[in-house]
Every structure is written in C-alpha cells, then in structure tokens.
Amino acid sequence: DDLGGLMPTFFGYSVTRLHDRQMGRRENVCQRIHSKLAAEYQYAGVFNDRQNAIETGLYQRPAYAALYTALRLGDCVCFIALDRCFESLDDMITKANDLVAMGIRVILADARIDTGTKEGKTFLKSLYWSNGFGHRRDLLLSDIAHELIV
C-alpha cells in the first residue's frame, strides 16, 4: 500500500500564549475530533507555537516546521484557533489548499471544514475560487500561454 503498512497520523496544530489553560482546551478539541477518526489515524498530539500569524509566518514557526517535516501522504492536520494560526482568510485558504494538494487531510476546527469529506473539500475549493485565487491563477496561465504563442 502507499503508506508502507503504516497508519496515517493525526496532528493537531495551535498557537497559544497561555500554555496551560488554552493548550489543555485545544488538546481536548483535537482528542475529540481524533476520537471520531481513530480507526483511520494514529494520534500524535498537538504541536503548539507561541508566535501568532502577525508575528511570524506559518512556515517560520518551530512547532509547525517540525509538524510539516513529519507529514506523510495520507496524514491529517487539525488547525485550532484559526485567527492565530493564519495571517488572513486568504492565507488560511492558500495554506490549506497547499496541504490538500500534497495529499494531506486538513481540518479547520473553528470553521468546521474537513477536507476528508466531499462537502469539506468542495467548500474549501469554493472559498479558493471565490476569493479570486483561481482567477489569478487563470490570468497567470493565460499570460504564460500568451508568451509562448508570441
């Protein structure tokens, strides 16, 4: 099989400043979501950063960098506290779509979007297109095509 016999992994990701109380709540959210998917994924816990989206980009945060490095095809990432994880709605949509394109299931807990479901995947895709990403991509492709033709 594609995963070499290993069960895919469920990762949580969050940004908190007050470690104890907030982290405990976010861990509970992840465990609750994972309990519904336990037959599909082994649980790896919640990766937590202290820098929010305003302070530093997602890929520059140490816990997310470690999580991202650990990801394999078929894994799942559950983002909690979206306003702290991402810089903007555009940033969230772009990053989530990038992970989905890599074969990663994305759960945006606060928004109740799960790309493991047909509805969740369709909703995320519709957000992508309605925010103009698809239009910008089409314009870029038409520019490239125009340059090749000329």
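Heads up: the structure comes first, above all this text.
Because the structure is predicted, anything quoted here is derived from the model rather than measured. Sequence positions are assigned chain by chain, starting from 1 and proceeding in written order. Only residues with pLDDT of at least 70 are given local features in this predicted model, and only at 80 or more are side-chain atom pairs given and counted; all residues enter the totals for whole chains, interfaces and linings. The basis for every side-chain value is the complete set of heavy atoms in the structure, and neither hydrogens nor water enter the calculation.

Asks: I tried to follow the packing of aromatic side chains on my own but got confused; where do I start?
Replies: Aromatic rings considered in pairs are described by the distance between their centres and by the relative angle of their planes. A pair of Phe, Tyr and Trp rings is counted when the ring centres sit within 6.5 Å of each other, with Trp represented by its six-membered ring. The angle between the planes then sorts it: under 30 degrees is stacked, over 60 is edge-to-face, the rest tilted. Evaluated as defined, the whole model comprises 7 aromatic pairs. With a centroid separation of 5.9 Å and 75° between ring planes, the pair formed by Tyr-13 and Phe-79 is classed as edge-to-face. With a gap of 66 residues between them, Tyr-13 in strand S1 (residues 9-15) and Phe-79 in strand S3 (residues 76-79) connect regions that are remote in the sequence. Here a set of aromatic residues connected by ring pairs shows up, and it is made of Tyr-13, Tyr-64, Tyr-68, Phe-79 and Phe-86. Each helix corresponds to a stretch of at least 4 residues labelled H or I by DSSP, and each strand to a stretch of at least 2 residues labelled E; elements are numbered beginning at the N terminus.

Asks: Looking at this structure, how should I read the nonpolar core?
Replies: Nonpolar side chains in soluble globular proteins tend to be buried together. Counting 23 residues, the largest nonpolar core has Tyr-13, Phe-79, Phe-86 and Leu-108 as its most contacted members. Looking at this core, the elements with two or more residues in it are S1, helix H2 (62-70), S3, helix H3 (82-85), helix H4 (89-101), strand S4 (105-108) and helix H5 (118-130). It is H4 that provides the largest number of residues to this core, a total of 4 residues. Any two residues whose heavy atoms approach within 4.5 Å at even a single point are treated as in contact. Those residues in contact with Leu-108 that sit more than four places away from it in its chain are Phe-79, Leu-82, Phe-86, Met-92, Ala-96, Ile-113 and Leu-124. Definition used in this section: a nonpolar core is a set of buried Ala, Val, Leu, Ile, Met, Phe, Trp, Tyr and Cys residues joined via side-chain atoms within 4.5 Å. Note on classification: 1.4 Å probe, protein chains only; a residue is buried when its accessible area is under 20% of the maximum for its type, exposed when over 50%, partly exposed between these limits. Cys-30, Tyr-41, Val-46 and Cys-76 belong to the second largest nonpolar core, which has 12 residues in total.

Asks: Quick question: what am I supposed to make of the packing of H4 against H5 here?
Replies: The N-to-C vectors of H4 and H5 enclose an angle of 130°; their axes lie 10 Å apart at closest approach. The angle between H4 and H5 falls in the class oblique. Of the two elements, H4 crosses H5, and the hand of that crossing is left-handed. Contact residues: Ile-93, Ala-96, Asn-97 and Val-100 in H4; Leu-124, Leu-127 and Tyr-128 in H5. Classes in brief: Ala, Val, Leu, Ile, Met, Phe, Trp, Tyr, Cys and Pro nonpolar; Asp, Glu, Lys and Arg charged; the others, Gly included, polar. Looking at the contact of H4 with H5 residue by residue, the class counts come to 6 nonpolar, 1 polar and no charged. Orientation is described by lines fitted to C-alpha atoms, with helices fitted over the stretch in contact, and by angles between N-to-C directions that extend from 0 to 180 degrees. Should an angle fall under 35 degrees it is called roughly parallel, over 145 degrees roughly antiparallel, and 65 to 115 degrees roughly perpendicular, with every other angle called oblique. Crossing handedness is read from the near helix: turned anticlockwise from the far helix by less than a right angle, it gives a left-handed crossing, and turned clockwise, a right-handed one.

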